[in-house]
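A look at the structure
Single-letter residue listing:
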Amino acid sequence: MAESPLREPTFLVLTALAEAPKHGYAVIEDVLRISDGRVRLRAGTLYAVLDRLRADGLIEVEREEVVQSRLRRYYRLTALGARRLAEEADRLRHNADAARVRLRRGGLLSNGGAA
């Protein structure tokens, strides 16, 4: 049975962690960059996503350090998380390609891609 699609914030958090381990605030900033400012994660939302991803085995804590008397936890993608992210990226690409083909066939999209 195929996995259910990832919600956009979850997909973007996994994408942010694909490049290198990051702490929570760095993930929030990277998600904002990746989404061109469309997705602004609040700390509560982020940590709920991180907890769920850890429980599912898609990410893990790489290390912890104390910065200005506060614990900073760095998260990294697991091999399972990398596979799940790649599968979701393929699914999204397939769906986007199908939409473009049908828009072109219907005369609603030029070959350049813009409607």
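Because the structure is predicted, anything quoted here is derived from the model rather than measured.

Observations regarding the packing of helix α1 (residues 8–19) against helix α2 (residues 24–34)
- In contact at an axis separation of 9 Å, α1 and α2 are set at 105° when each is read in the N-to-C sense. As summarised for this structure, α1 and α2 are arranged roughly perpendicular, according to the angle between their axes. Note on element contacts: α2 touches α1 through Val27, Asp30, Val31 and Ile34, opposite Leu12, Val13, Thr15, Ala16 and Leu17.

Some details on the sheet that holds strand β1 (residues 22–23)
- Pairing is antiparallel in the open sheet, where 3 strands are placed in the order β1-β3-β2. Edge positions in the open sheet fall to β1 and β2 (59–67), since each of these has one partner strand only.
- Alignment of β2 against strand β3 (residues 70–77), held across 8 bridges, turns out to be antiparallel. The partner of Glu65 across the bridge, within β3, is Arg72.

Section: the layout of surface pockets
- Roughly 370 Å³ of internal volume is contained in the largest pocket.
- By residue number, the principal contributor to the lining of the largest pocket is β3, which donates 5 residues.
- Among the residues forming the lining of the largest pocket, the class breakdown is 7 nonpolar, 3 polar and 4 charged.
- Considering only enclosed or pocket space, the second largest pocket measures out at about 270 Å³ in volume.

Let's talk about the side chain of Asp30
- With respect to the secondary-structure elements, Asp30 resides in helix α2.
- Side chain to side chain, Asp30 and Lys22 meet in a polar contact 3.5 Å long.
- When residues no more than four places from it in sequence are discounted, the contact partners of Asp30 are Ala16 and Lys22.

About the thresholds
- Residues numbered from 1 in each chain as written.
- Predicted model: local features only at pLDDT ≥ 70, side-chain atom pairs only at ≥ 80, totals over all residues.
- Heavy atoms only, no water.
- Axes fitted to C-alpha atoms, helices over the stretch in contact; angles between N-to-C directions.
- Helix = DSSP H or I, 4+ residues; strand = E, 2+ residues; numbered from the N terminus.
- Parallel < 35°, antiparallel > 145°, perpendicular 65-115°, else oblique.
- Contact = heavy atoms within 4.5 Å.
- Pairing = 2+ DSSP bridges.
- 1 Å grid on protein atoms, 1.4 Å probe; cavity = no way out; pocket = protein on both sides within 12 Å on 5 of 7 lines; lining within 4 Å.
- Points joined across faces, edges and corners; volume = space filled by probe spheres on them.
- Nonpolar A, V, L, I, M, F, W, Y, C, P; charged D, E, K, R; others polar.
- Polar contact = N/O pair within 3.5 Å; in protein donor to acceptor, adjacent residues only side chain to side chain.

Honestly, that's just the spatial picture; any functional story needs more than this.
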